[in-house]
Amino acid sequence: MSNVTRYLRVQDGLSDWVGRVVSWLTLGIIGVLLFEVVARYLLNAPTVWGHELSTMFFGALSILAGSYTLRHQGHVRSDVVYRLLPPRGQAFCDVVIFVLALVVLAVVFRMAVDFAHHAWRIGEFSNRSVWRPPLWPIKATIPLAVGLLMLQCLAELVRGVLRLAGVTYDDPREDLDDSNP
């Protein structure tokens, strides 16, 4: 196994692992909302925390699933022109897009770190409900998610550069496609 294949396998594995772990937040959202509905409509005792906690879980789920979605090529993109291009033309588009994505994500990452650090430093609490949970844990998921997305973008950039250069390599993604008919 080449170093490139090993790297891609490790990075894809990380994105898959994060996606599987984060998917469990869906059950947390369902549990919180189910509890809130029962408390509100059957017991006539709504919670002060149900809506806000489910919103935080959904926010974390949405942003942390980004690297998993990219790894499985699930992000929305316009394939009308892309699919008409030859493989090297597609690789060129991928290289340009992932270089630009990494530049933009680097800026977003820096801003997200500052955003989360500020929330932690001042001990920021939510003012959306009387529950007033601390906000730094949910805000800390933003730079984490952006960092994970940057790592997967880098793996996709490596794939694009190798295809553009005409270098053959064993793509672990193709192993996955073969094992899931």
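Residues numbered from 1 in each chain as written. Predicted model: local features only at pLDDT ≥ 70, side-chain atom pairs only at ≥ 80, totals over all residues. Heavy atoms only, no water.

Undergrad: I'd like to hear about helix 2 (residues 25-42), residue by residue, with values.
TA: Relative to the 26 Å expected for 18 residues at 1.5 Å per residue, helix 2 spans 25 Å between its end C-alpha atoms, a close match to the ideal helical length. The set of residues buried in helix 2 consists of I29, V32, E36 and A39. Seen from one end, helix 2 has its buried residues packed into an arc of 110°, which puts them on one side. Summarising the geometry of helix 2, the exposed residues directed more than 90 degrees from the buried face are L27, L34, Y41 and L42. Buried residues belonging to helix 2 abut helix 3 (50-64). Following helix 2 by one or two positions, N44 adopts a phi angle in the positive range, close to 50°. (Helix = DSSP H or I, 4+ residues; strand = E, 2+ residues; numbered from the N terminus. Expected span 1.5 Å × (residues − 1). Buried < 20%, exposed > 50% of the residue type's maximum accessible area, 1.4 Å probe, protein only. Arc of directions from axis to C-beta. Contact = heavy atoms within 4.5 Å.)

Undergrad: Tell me what's going on with the nonpolar core, and back it up with residues and numbers.
TA: Residues L70, V95, F98, L102, L105, V146, L149, C153 and L157 constitute the largest nonpolar core, which totals 9 residues. Of all the elements in the fold, those that place two or more residues in this core are helix 6 (87-122) and helix 7 (136-165). Those residues within four positions of V146 in sequence are excluded, and the remaining contacts are L105, V108 and F109. The next biggest cluster of nonpolar side chains, apart from the first, holds 8 residues, and it includes V22, I29, L61 and L64. (Core = buried A, V, L, I, M, F, W, Y, C linked by side-chain atoms within 4.5 Å.)

Undergrad: Mind laying out the side chain of Q11, listing which residues take part and the relevant values?
TA: Among the structural elements, Q11 can be located in helix 1 (residues 3-23). Taking relative accessible area as the criterion, Q11 reaches 6% and is therefore assigned buried. A polar contact is formed between the side chain of Q11 and the side chain of Q152, at a distance of 3.3 Å. (Polar contact = N/O pair within 3.5 Å; in protein donor to acceptor, adjacent residues only side chain to side chain.)

Undergrad: Now, about unusual backbone geometry: what can you tell me, with residues and values included?
TA: Its identity is not glycine, yet N44 carries a phi of approximately 50°, on the positive side. Following the sequence through the fold, N44 ends up in the loop between helix 2 and helix 3. Of note in this structure, R132 is not a glycine but carries a positive phi near 55°. Relative to the assigned elements, R132 resides in the loop between helix 6 and helix 7.

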